[in-house]
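The lines below spell out each chain.
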Amino acid sequence: MGIFKDMLKSDESVFKVSEALDYAYMPKLMKYREGEQEQMASCIKPIIQKRNGRNLFIYGQPGIGKTLACRKVLEDLQEDSDDIIPIYINCWQKNTTYKILIGICEQLGYRLTHNKKTDELFKVVKSMINKMSAVFVFDEADKLEDFDFLYSILEEIYRKSVFLITNEKSWISTLEDRIKSRLMPEALEFRPYNGNETDGIIRERIKYAFQENVWPEEAIEIAAEKTFQLQDIRSGLFILREAGNNAEDRASRKINLEDVKKAIEKLPEFSSKKQEELDDDKKFIIETIKNNNGKKIGDLYRIYKEKGGEAVYKTFQRKIAALEKEGFISTEKIAGGKEGKTTIINTKDITKKLTEF
Ligand SMILES: Nc1ncnc2c1ncn2[C@@H]1O[C@H](COP(=O)(O)OP(=O)(O)OP(=O)(O)O)[C@@H](O)[C@H]1O
Ligand SMILES: [Mg+2]
């Protein structure tokens, strides 16, 4: 009796709002980052009192709510204030002064950017913003290729806060002195969520995204536990979506443990950091490393060339360093090689951790 009751009909879905599992989805409430958001707000407060704001350097590992927390603060600002303009720029997508100024113009609603040079664009931005004030968030700031826009903003916009977000704390010390001395930011570290917090976030997201009673308790626990181990909510969202898809493939109204396990097994192909945004050569390098884990950098370069890689050795080295910074791979220096040292390249431990399941 009732053997068909858990079967999904053709017009049914386990998902209620599957967009709630998109990485860019903004949940109504953001829990567990109240303190961080307060620090952000306190940097902005002086602007409300018609003074200059304070600047903030935000750092922490991938997938722990830095972007979401900032966007939430900007959203609140938009609702509560008419004369502070919130500007959000992702520097992965816009990594030069020109592209950033175009992005700011777009957000200011200024459309006549065509044929304008960088300095003309800045004049427009300056004259519009200096009638009011602004909070600038430059996310993924370690992807920036030039900093002229930052210098200009710090020098010529009167009332503002500038927030810079990166994964690595050490990045800030690589900035040129002319910028550092004008920026003088406070630091705000994002720590990974603890087990309870991770569990809370996963459960909340299940409520938004899935129909009721789709997730049995033990499946939720495994998904939350894995997410906590990986210390990355983005991986958790991936698990939830994949598990849902697996249940639908079985035409089942309920997710079972096997669906979750399968989703977890699929994780190594998925990198927490948005791999699809990497250039083709970097993707190719990651593939090469995956197939040749633990090789010396020189040997790896030879394999890469044999397989059709085009970068010269210097560029290759630069990309390896960048991939490490972005958290895709790890390297270790060992004795040996020409200068008495050589670098061993590994794909990130993520694969190892996952198979421990
Ligand atoms: N407290 C939270 N409540 C609900 N969802 C959260 C929370 N923290 C993070 N998330 C979700 O986790 C995902 C990753 O968060 P976010 O993009 O803010 O990470 P990040 O710290 O900016 O990572 P990266 O350094 O890789 O850019 C997002 O989809 C976000 O909505
Ligand atoms: Mg982010």
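Before going into details, it helps to say that this report is about the structure given with it.

Rules and cut-offs
- In every chain, residue numbers begin from 1 and rise along the written sequence.
- Here chains are named by letter from A upward and ligands by number from 1 upward, in the order in which they appear as written.
- Only residues with pLDDT of 70 or above have their local features reported here, since the model is predicted, and side-chain atom pairs are shown and tallied only from 80 upward, although totals for entire chains, interfaces and linings are computed over all residues.
- Labels follow the DSSP assignment, with helices taken as runs of H or I lasting at least four residues and strands as runs of E lasting at least two, numbered in each case from the N terminus.
- Remark: C-beta atoms are placed from the backbone, and a residue is labelled buried if 20 or more other C-beta atoms sit within 10 Å of its own, exposed if 12 or fewer do, or partly exposed between those counts.
- By the convention adopted here, residues make contact when the C-beta atoms placed from their backbones lie within 7 Å.
- Axis definition: a line fitted to C-alpha atoms, over the contacting stretch in the case of helices. Angles run 0 to 180 degrees between N-to-C directions.
- Should an angle lie under 35 degrees it is considered roughly parallel, over 145 roughly antiparallel, and from 65 to 115 roughly perpendicular; all remaining angles are considered oblique.
- Note on convention: the crossing is left-handed when the near helix lies turned anticlockwise from the far helix by less than a right angle, right-handed when the turn is clockwise.
- Amino acids outside the nonpolar list (Ala, Val, Leu, Ile, Met, Phe, Trp, Tyr, Cys, Pro) and the charged list (Asp, Glu, Lys, Arg) are all regarded as polar, and Gly is one of them.
- We call a residue near a molecule or strand when the C-beta position, derived from backbone atoms, sits within 6 Å of it.
- Boundaries of every domain are those given by an automatic assignment or by a domain database.
- Strands were regarded as paired on the criterion that DSSP finds at least two bridges between them.
- Structurally, a nonpolar core is described as a collection of buried Ala, Val, Leu, Ile, Met, Phe, Trp, Tyr and Cys residues joined by way of C-beta atoms within 7 Å.

## Examining the overall build of the chain
Part 1 of the argument: Of regular secondary structure, the chain possesses 14 helices and eight strands.
Part 2 of the argument: With the principal axes as the frame, the chain shows a C-alpha extent of 75 × 60 × 40 Å.
Part 3 of the argument: Within the span of the chain, comprising 357 residues, buried residues form 32% of the whole.
Part 4 of the argument: Considering only intrachain contacts with a sequence separation of at least 6, the fraction spanning at least 24 residues in the chain is 72%.

## A few points about the packing of helix α9 (residues 233–249) against helix α10 (residues 257–266)
Part 1 of the argument: It is at 8 Å that the axes of α9 and α10 come closest, and there the two elements cross at 125°. Accordingly, the angle class assigned to the pair α9 and α10 is oblique. Considering only the axes of α9 and α10, their crossing is right-handed. Of the residues in α10, those touching α9 at I239, E242, A243, N246 and A247 are D259, V260, K262, A263, I264 and K266.
Part 2 of the argument: Here the contact of α9 with α10 is built from residues that sort into six nonpolar, one polar and four charged.

## A few points about the environment of N167
Part 1 of the argument: Checked against the element boundaries, N167 lands in the loop between β4 (160–166) and α6 (177–183).
Part 2 of the argument: Taking C-alpha positions, N167 is 5.1 Å from Q61, a pair spaced 106 residues apart along the chain.

## Thoughts on the site of ligand 1
Part 1 of the argument: In the vicinity of ligand 1 there are 19 residues, among which P62, G65, K66, T67 and I233 approach most closely.
Part 2 of the argument: Elements with a minimum of two residues in the shell around ligand 1: α2 (66–80) and α9.
Part 3 of the argument: The residue inventory of the shell around ligand 1, partitioned by class, reads 10 nonpolar, four polar and five charged.
Part 4 of the argument: Split by domain, the residues of the shell around ligand 1 number at least three in each of domain 1 (34–189) and domain 2 (194–269).

## A short note on the sheet that holds strand β8 (residues 341–347)
Part 1 of the argument: Overall, antiparallel pairing links the three strands, which are arranged β6-β8-β7 in an open sheet. At either end of the open sheet lies a strand with only one pairing partner, and these are β6 (295–296) and β7 (329–335).
Part 2 of the argument: Relative to β8, β7 is paired through seven bridges, and the arrangement is antiparallel. Counterpart to I334 in the pairing with β8 is T342.
Part 3 of the argument: Contacts from helix α13 (residues 313–325) reach β7 and β8 within the one sheet, and its direction differs from that of β7 by about 120°.

## Regarding the nonpolar core
Part 1 of the argument: Within the largest apolar cluster, 38 residues are counted, with the highest numbers of intra-cluster contacts made by C70, I87, V135, F136, V137, F163 and L164.
Part 2 of the argument: Sort the elements by how many residues they give to this core and strand β3 (residues 133–139) lands first, with five residues.
Part 3 of the argument: Residues contacting V137, with those up to four places away along its chain left out, are C70, L74, I87, Y88, I89, F163 and I165.
Part 4 of the argument: L21, A224, L240 and A247 belong to the second largest nonpolar core, which has 28 residues in total.

## Some details on the sheet that holds β4
Part 1 of the argument: Taken in spatial order, the five strands line up as β2-β3-β4-β1-β5 in an open sheet, and their pairing is parallel. Each having just a single partner strand, β2 (84–90) and β5 (186–189) make up the two edges of the open sheet. Averaged over all neighbouring strand pairs, the angle between strand axes comes to 15°, with direction disregarded.
Part 2 of the argument: As defined by bridge partners, strand β1 (residues 56–59) adjoins β4 across four bridges and the pair is classed as parallel. By the bridge assignment for β4, L56 is matched with F163.
Part 3 of the argument: Strands in contact with helix α1 (residues 34–48) are β1, β2, β3, β4 and β5; relative to β4, the strand with the most contacts, it is inclined by about 150°.

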